[in-house]
Amino acid sequence: MAPTVKVVLGSIAFAAFWVLAVFPAVPFMPIGRTAGSLLGAMLMVLFQVLTPDQAYESIDLPILGLLFGTMVVSVYLERADMFKYLGKLLSWKSQGSKDLLCRICLISAISSAFFTNDTSCVVLTEFVLKIARQQNLPPHPFLLALASSANIGSAATPIGNPQNLVIAVQSKIPFGEFLFGVVSAMVVGICVNALILLCMFWKVLSVQKDEEEPPMELAPEEDVNSHRFSPATMSHLTSESSHDAMSSHSLPSVSGHMDSNNNSNNNILRSRLGASGDNEILRDANSSKDVVDNGSLQKKDEKFMNGFVKESSDLGLEEIDEKSAKWKMILWKIGVYVITVGMLVSFLVELNMSWTAITAAMALVVLDFKDARPCLEKVSYSLLVFFCGMFVTVEGFNRTGIPSAIWDFMEPYAEIDKVSGVAILAIVIVVLSNLASNVPTVLLLGSRVAAAAVTISPEKEKKAWLILAWVSTVAGNLSLLGSAANLIVCEQARRAQSCGYNLTFWSHLKFGVPSTIVVTTIGLTLIRV
């Protein structure tokens, strides 16, 4: 333990960080998580728990680089409609509400494993709400499926969530070994989680919502099937064809009427003129009238043809430009997907993850070949700042000696070579992850759990890191405040304009407690080294 003064001041600084991290809108200081982490870091230096140099050294740049790179890649994948295609898979040939729920679990888990759980929840929540509205289904079970499956799926890879990024960098476990060690637990966990959802909401999913409440107004058919003709186009075509039909039926009667008028006029002219010159005069009159009529018609025809040619050429150029732009967009999307796959392959061949992610991000910037500021502005820099402050705050709290003292008390009961030890360790991780958030829990316990595992066997160190990754991630499903993904789904659903839904703390807790206990327990038996 450090001196008493340092312990007290360090605890105050960490408490300020913890309160603002868990309750960012606390009434007496509603400054948010990011500012709260900076406040905690500043207090650690101000109270001389850490020196300024120690504070700078505690910031883990490889983690920040990896986090920044993956966020930039996610921004370009969103621009390339990757998540739009994933959203379409949710409703493609859907066989009903239960099939839709299972699809959400699967797609959310896979996308979260490779594009982070937070990103998947941000872009898929609105798709889930729209599909639930269009199929007249209650959104509650589908939102729970999205958030919980995103957390479970993100446990499988080092880039799935922030705490896994920390574990991958600190443990130096290669991407492929990390994936191999957790993927079986993730797959079974997703299936079990979907089964729990089906059991809890079977009646709700089996009963049509319009039997209980008035049916909601569905989206227009054109919004769902954009390849169909729009009503404007159809009405234009119909009016044009009807005009042609009317013209074809009316022309004979009109021409007959005009001929009879001409004949009567000619007879009157003959009667008024003499017999000798009447034919000549009549012929001259008709010929002069034909000349005038032909001249005016010729001018009209020339104007019409010139306008038609000009309009046709303009339409041709526009069509060529549209085709060219379409092909450029297709080739750009293919390039984005190829670079992303290349990044994942580089992870698997054990290249440096941080610089691989940054390289992929810069390759996408160059491929876009335009000012990257709009895309870079979408990066969550507040999250990067939050991590910086958190690194400093947690390092200061570690130097007080309190985490070491607590772990020294728990270590004899948390040996990972025993079932009881793994169970106690899992309970501690779940509780801390929901009290102090999962990333600070990993920073506080990671090195201590690994060091204790090494004393048992060097092979146990890797298993200890994987257990920490699995339990700290799945623990986020326990309550609505357990992970950022839960809060994102809740806020996105509440703010949705046309199909908003309020996911409450207690409604999440009723599902979160049994799901977390069952999925965590089953997954612990499937983690491989």
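Residues numbered from 1 in each chain as written. Predicted model: local features only at pLDDT ≥ 70, side-chain atom pairs only at ≥ 80, totals over all residues. Heavy atoms only, no water.

Participant: Tell me about the overall build of the protein, and please be specific about residues and values.
Facilitator: On a plain count of helices and strands, the protein comes out with 23 helices and 0 strands. Here the contacts in the protein between residues at least 6 apart in sequence split such that 76% fall between residues at least 24 apart. As presented, the protein carries roughly 28000 Å² of accessible surface, and 64% of it is formed by carbon and sulfur atoms. (Helix = DSSP H or I, 4+ residues; strand = E, 2+ residues; numbered from the N terminus. Contact = heavy atoms within 4.5 Å. Areas by Shrake-Rupley, 256 points an atom, 1.4 Å probe, with all protein chains shown as cover.)

Participant: Mind laying out the nonpolar core, listing which residues take part and the relevant values?
Facilitator: In a soluble, globular protein the nonpolar side chains are often hidden away together inside. Y76, F142, F347, F387 and W470 are the most contacted members of the largest nonpolar core, which has 137 residues in total. Once residues lying within four places of it in the same chain are set aside, the contact partners of F142 are S97, L100, L101, I104, V128, A132, L137 and L205. (Core = buried A, V, L, I, M, F, W, Y, C linked by side-chain atoms within 4.5 Å. Buried < 20%, exposed > 50% of the residue type's maximum accessible area, 1.4 Å probe, protein only.)

Participant: Tell me what's going on with a nonpolar patch on the surface, and back it up with residues and numbers.
Facilitator: A cluster of nonpolar residues, W327, I330, L331, I334 and V338, forms a patch on the protein surface that exposes about 520 Å² of accessible area. Note that W327 resides in helix α14 (residues 278–348). Relative accessible area serves as the criterion here: at 56%, W327 is assigned to the exposed category. (Patch = residues over 30% accessible without salt bridge, like charges linked within 9 Å, V, L, I, M, F, W, Y side chains within 5 Å. Salt bridge = Lys/Arg side-chain N within 4 Å of Asp/Glu carboxyl O.)

Participant: Could you give an account of the side chain of S472, naming the residues involved and the relevant values?
Facilitator: Note on placement: S472 falls in helix α21 (residues 460–474). A distance of 2.6 Å separates a polar atom in the side chain of S472 from the backbone oxygen of L468. In this structure the side chain of S472 is engaged in a polar contact, spanning 3.4 Å, whose partner is the backbone oxygen of A469. Setting aside its immediate chain neighbours within four residues, S472 contacts Q163, I429, S433, N438 and V442. (Polar contact = N/O pair within 3.5 Å; in protein donor to acceptor, adjacent residues only side chain to side chain.)

Participant: Tell me about the packing of helix α19 (residues 419–436) against helix α20 (residues 438–456), and name the residues and values.
Facilitator: Relative to each other, α19 and α20 sit at 145 degrees, their axes nearing to 7 Å. Contact residues: α19 offers L425, V428, I429, L432, S433 and A436, while α20 offers N438, P440, T441, L445 and V449. Residue classes in the contact of α19 with α20 are distributed as 8 nonpolar, 3 polar and no charged. (Axes fitted to C-alpha atoms, helices over the stretch in contact; angles between N-to-C directions. Nonpolar A, V, L, I, M, F, W, Y, C, P; charged D, E, K, R; others polar.)

Participant: How would you explain empty space enclosed by the protein if you had to name every residue and give the values?
Facilitator: Under the definition given, this model contains 1 cavity of 30 Å³ or more. The calculated volume of the largest cavity comes to roughly 40 Å³. In terms of lining, the largest cavity is formed by T70, V73, S74, F114, F115, I159, T340 and M343. Contributing elements (two or more residues each) for the lining of the largest cavity: α4 (61–79), α6 (97–115) and α14. Considering each element in turn, the lining of the largest cavity owes the most residues, 3 residues, to α4. Considered class by class, the residues forming the lining of the largest cavity number 5 nonpolar, 3 polar and no charged. (1 Å grid on protein atoms, 1.4 Å probe; cavity = no way out; pocket = protein on both sides within 12 Å on 5 of 7 lines; lining within 4 Å. Points joined across faces, edges and corners; volume = space filled by probe spheres on them.)

Participant: Mind laying out the packing of aromatic side chains, listing which residues take part and the relevant values?
Facilitator: All chains considered together, the criterion is met by 8 aromatic pairs. Both rings, one in F387 and one in F391, keep their centres 5.8 Å apart while their planes meet at 70 degrees; by these two values the pair is edge-to-face. Here F387 pairs with F391, and both are found in helix α17 (residues 381–400), just 4 residues apart, close to one helical turn. What makes F391 buried here is its relative accessible area of 5%. (Phe/Tyr/Trp six-rings, centres within 6.5 Å; stacked < 30°, edge-to-face > 60°.)

Participant: How would you explain the layout of surface pockets if you had to name every residue and give the values?
Facilitator: Reported here for the largest pocket is a volume of approximately 1300 Å³. As for the largest pocket, its lining consists of 46 residues, and the residues nearest its centre are D118, S380, L383, A484 and I488. With 7 residues, the top contributor of residues to the lining of the largest pocket is helix α22 (residues 484–495).

Participant: Summarise the pattern of salt bridges; cite the residues concerned and give the values.
Facilitator: Under the defined criterion, the tally for this structure stands at 7 salt bridges. A salt bridge links E126 to K130; the shortest N-O distance between them is 3.5 Å. Taken together, the residues E126 and K130, both in helix α7 (residues 117–134) and 4 residues apart, mark about one turn of the helix. Classification of K130 as partly exposed rests on a relative accessible area of 34%. Between R399 and E395 there is a salt bridge, with its nearest N and O atoms 3.1 Å apart.

Participant: I'd like a rundown of α19, residues and numbers included.
Facilitator: Its 18 residues give α19 an end-to-end C-alpha distance of 25 Å, which sits within 8% of 26 Å, the value for a rise of 1.5 Å per residue. Every buried residue of α19 is listed here: G421, V422, L425, A426, I429, V430, S433, N434 and A436. Of the surrounding elements, those touching the buried residues of α19 are α1 (4–22), α18 (402–410), α20, α21 and α23 (505–524). Where α19 ends, the next residue or the one after it, S437, has phi of about 80 degrees, a positive value. (Expected span 1.5 Å × (residues − 1).)

Participant: Now, about the side chain of R103: what can you tell me, with residues and values included?
Facilitator: Relative to the elements of secondary structure, R103 occurs in helix α6. On the basis of relative accessibility, which here comes to 17%, the residue R103 falls in the buried class. Aside from chain neighbours lying at most four places away, what touches R103 is L89, L90, S91, W92, K93 and S94.

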